[in-house]
Amino acid sequence: MLTYALTFAIACFALALILNLWRLATAPTMPDRILTVDTMVINIIALIVLYGAKAQSAVSFDAALLLAMTGFVSTVAFCKFLLRGGIIE
Amino acid sequence: MSLALIAALPFLGALTPALTQRFGRGIATATVALFSAAALLLILQHVPAIMAGQTITTQINWLPTLGLNANFRLDGLALLFALLILGIGLLIQIYARFYLDTSEPYARFLTYLMLFQGAMLGIVLSDNILLLLVFWEMTSLSSFLLIGFWSHLPKARQGARMALATTGAGGLAMIAGLLMLGHVAGGYDLSTILGERAAIQASPLYVPALLLILLGAFTKSAQFPFHYWLPHAMAAPTPVSAYLHSATMVKAGLFLLARLWPVLAGTPEWFWIVTSAGLITMSFAAGVALFKDDLKAILAYSTVSHLGLITFLLGLGTKAAATAAVFHILCHATFKAALFMLAGIVDHATHTRDIRALGGLRRAMPISFALASIATLSMAGIPPLNGFLSKEMMLEEAAHTAPWVIPVLATFAALLSVAYALRFLVYTFLGQAPAYAHAPHDPGAGLWLPPAILAALVVAIGLAPMAMAGWLVDAAASATTGEAVHAHIALWHGLQPPALWMSLAAVGGALVVLGLYPALRAAWDGAHKPDAKAMFDAGMGWLTKTATALTQGLHNGSLSRGFAVGLCSFLALGLYAYLSAPTLPGTRALTQISFAPVVAFGLLMTAALAATALHRKRLLALLLTGIVGLILSASFAYLSAPDLALTQITVEVVTIALMLLALNFLPKTTPRKTAGFRKLRDGGLAVAVGTGVAALAYTLMTREAMFPPISAFHLAQSLPGAGGHNAVNTIIVDFRGYDTYGEIIVLGIAALLIFALTESLLGTRWAVQPDHAAGDEGDAHPVMLQTATRLILPMAMLVGVYLFLRGHNEPGGGFVAGLVFAIGLVLQYIASGQDWAAARRRIPYHAMIGAGVLVASATGIGSFLAGRPFLTSNFTHGHLPPLKDFELATAALFDLGVFLCVLGAVMLALDALARLAKPQEGR
């Protein structure tokens, strides 16, 4: 049962990635695009965890954890750059 | 050890002038002379053993696997040269002390002189020919410094450059020749090579090796047609000329010819090349010397001529000729060094070296006149001086050599040499004295004593050759020929020897030539003569132009040009490899792929293509590259490479932060640069190379490796060899620790460079103004961000420490940990600003880099204490309840070095760019 659930979940997140791509192509402004990439990071984190669960291995869990912890930094930096013209003031 | 110490002494002496110069020139000279004298004494201590026919050797292994060892040998030939180098070296030191003006940088001169002396001594004492090559190159370099010592004079600079280019090029050829020789002989030690005569002369490599070695020897010893550099090197201070061109530098080529005489000589190739080069040089240079007016130029051409004489004798290939060559090396060094010094004395006294403006100095400078007469007459080969003896021996050898042209040319050269020597003496010291601006007078003893000692030797050797020099010539000739030699040198051999009559003919002819001199001079001045310097300059100009054209053709600074050249080479080589070898079908099954990875890879390719298409919008391109990095990190995780995934994730974040900082100073769009055909061409090339790389990767992945891959070793040895379960980490910090060591140093240097560049820009008008026009909306330092990031910092550090500690056994390690720390700190910079972050920084980032390199080095050196090679790791298992068992590995300490270096480098670069990006107030 869990295998089906995992396969379904993975398919959903993969679909989400495709939608991300669609949004990236059609986004009207830069902030939309940055947000899209941020969403993409979330989806990737989910995919890494799901694949780990499916393979019953914890070895890539740290990667997901680290991505969760640091993934937003790029988003913050991009936003700061757009708002202020520089990331460190 | 003793020989190595002797060879090292001049180099040690070269260090002293910098320290002793404050005590005055006398003390500085005495100190370096002490080193030369010590070396001389140590050499002399070996004389009895060498007289008994022994060879002293010292062997120190350096790189035994390459055949490169610091092996030294001292036999008769080396003894002769060592005595000349050190003995005349001592006289030169005294002479230079009084010759050079007080305004000259005397300490520097002494240092160059000692470096040169050490290099020369190294050449003659080397047993290993690779070691000899090292010293050979050192003489080229140090003589460059000496010849160009008066670097404010264009002539000195040009002369030095010419000498370096010529002897350096010859040295390159000689490297190839000696390598061939060692290859044929089966070893690079002279003791091996000298015993392999038959094998060497039978080898097909004999002729190429001979030609290359002769090229090296002829350029160094100024043999025609490479003689041109020597007269131009006369721009050096006179002590340098006296040293380099009488006893040392130019004799190095002859030394090599004599050293390799037993294995190279005796073949027709050797005979014809060496003899004719020597004979042509000897007669041609003597002829030119006759028409020169500068004292030093006459001596320069005379030196070239005498070097030709010695080369000629060595070329004959007989034992007696080699003995004569060795004897003339000794004689020439004594009278020529004295003559150079005397030319310097005359120059000092009269402020001119042009013999047309000189004359009548015999009354004003009687001591110099007496010394010059002895040395000049010896150079002319007048009995009873030593030059006569060796010239007689030369003529005797020439007389017994067919064809007839050889003795005729030899007599002719002797004739010219008598003529220019007499002209040198008569024009300078005899005749009417012109009106000198200052009345010339003899110099102090400091200047005339060194040539006087040499002149005494000239007379002593001439009168009692067997007692004074017989032993040395016997030893040196025996070592040169490899057979016991007992020379019989005497002033009078009776009326039978043809040499006597040839000598008389030479003297008579010389008087005739001098009588006809005005007519000859007019013909010479009227004749069209090729200018060596112009030819050399033209040659160099052509070389420079070709090199520039080649360089400009390959990379003219345009990145796309450089890429195109590189990629085309890759493509061509790849195609060649593919087409020239049979292709085996792939045997590995393809792995299955599911839906999500297909989507991810599709995303990766789309992002990559989009970044290419939209690269002119820089911010968007950066965002798209971010997506590529993201999918790449996920791919590493998916393909079971957690270490790489962790590294990629953190590297991506830091890269984007640094790129955004850099983007601060750049326009937001790239101008359109390529269009039309060029775009098509570049695109086609990129696609071709990309396809090639993909095909190569596919081919490799679907086939079994031809050779067992090294990964199996690393996996098997990770735990027993390095004490860690994580093979990736043990490879980085242990198996390939030396690579990592180099990499962290490079990383540190790169960060320091960024710092230095931005620092030098700060506060200058060149500082690029950051482009803040994009906007100043929102808060500079939003409170929410500040609060959140300050909470994140300790957590990030905890994760970093965790990743670091477990790195040896599970994914993690110093590199990732450093980046995680760096990200935590970058967040503080972004949220609270550079000022805030810098004010709270306790440890400077430079220190962090330095500490990292030091910790890594100390770990590496620590293994010396355990008696093992650099960076050998050691580990033990520890128990500390209630923790699980853990390892204590020195590799973890090394990893700490990596951590510090990475953290310091990233933060230093970031901080430097952030400082540069700050608003301009206060600058």
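Here, the structure is the one placed above.
In this report, the structure presented in the accompanying data block is examined. (Residues numbered from 1 in each chain as written. Chains lettered and ligands numbered in written order. Predicted model: local features only at pLDDT ≥ 70, side-chain atom pairs only at ≥ 80, totals over all residues.)

## Here's the deal with the overall build of chain A
Okay, so step 1: Counting its regular elements, chain A contains three helices and zero strands.
Okay, so step 2: Across chain A, helices and strands are ordered from the amino to the carboxyl terminus as α-α-α.
Okay, so step 3: Taken over C-alpha atoms, the radius of gyration comes to 16 Å for chain A, far larger than the 12 Å a tight globule of 89 residues would show.
Okay, so step 4: Based on the C-alpha atoms only, the size of chain A along its principal axes is roughly 50 × 30 × 10 Å.
Okay, so step 5: Residue burial in chain A is summarised as follows: out of 89 residues, 44% are buried.
Okay, so step 6: Counting only contacts in chain A whose residues sit at least 6 apart along the sequence, the fraction spanning at least 24 positions is 46%. (Helix = DSSP H or I, 4+ residues; strand = E, 2+ residues; numbered from the N terminus. Rg over C-alpha atoms; globule rule 2.2 N^0.38 Å. Buried ≥ 20, exposed ≤ 12 C-beta atoms within 10 Å, placed from the backbone. Contact = placed C-beta atoms within 7 Å.)

## Examining the overall build of chain B
Okay, so step 1: Helix and strand counts for chain B stand at 39 helices and six strands.
Okay, so step 2: For chain B, the C-alpha atoms occupy an extent of roughly 110 × 65 × 65 Å along the three principal directions.
Okay, so step 3: Here chain B, with 923 residues, has 48% of them falling under the buried criterion.
Okay, so step 4: Long-range contacts, defined as pairs at least 24 residues apart, comprise 77% of the intrachain contacts of chain B with a sequence gap of at least 6.

## A few points about the environment of Gly748(B)
Residue and element names in this part refer to chain B.
Okay, so step 1: One can find Gly748 in helix α34 (residues 737–761).
Okay, so step 2: What makes Gly748 buried here is the crowd of 22 C-beta atoms within 10 Å.
Okay, so step 3: Separated by 158 residues in the primary sequence, Gly748 and Val906 place their C-alpha atoms 8.9 Å from one another.
Okay, so step 4: If we ignore the near neighbours within four places in the chain, the residues touching Gly748 are Ile849, Gly852, Val853, Cys901, Gly904 and Ala905.

## A word on the environment of Ser373(B)
Residues and elements named next belong to chain B.
Okay, so step 1: Along the chain, Ser373 turns up in helix α19 (residues 366–380).
Okay, so step 2: The class for Ser373 is partly exposed, based on 18 C-beta atoms found within 10 Å.
Okay, so step 3: Put simply, Ser373 and Val426 are 53 residues apart on the chain and 9.4 Å apart in space, counted from C-alpha to C-alpha.

## Section: the interface of chain B and chain A
Okay, so step 1: In this complex, chain B contributes 49 residues to the contact, which on the side of chain A involves 40 residues.
Okay, so step 2: When residues of the side of chain B that touches chain A are traced back to their parent elements, those giving at least two are α28 (595–613), α29 (618–638), α30 (642–663), α35 (783–806), α36 (814–832) and α39 (890–917) of chain B.
Okay, so step 3: Of the residues belonging to the side of chain B that touches chain A, the class tally is 36 nonpolar, ten polar and three charged. (Nonpolar A, V, L, I, M, F, W, Y, C, P; charged D, E, K, R; others polar.)

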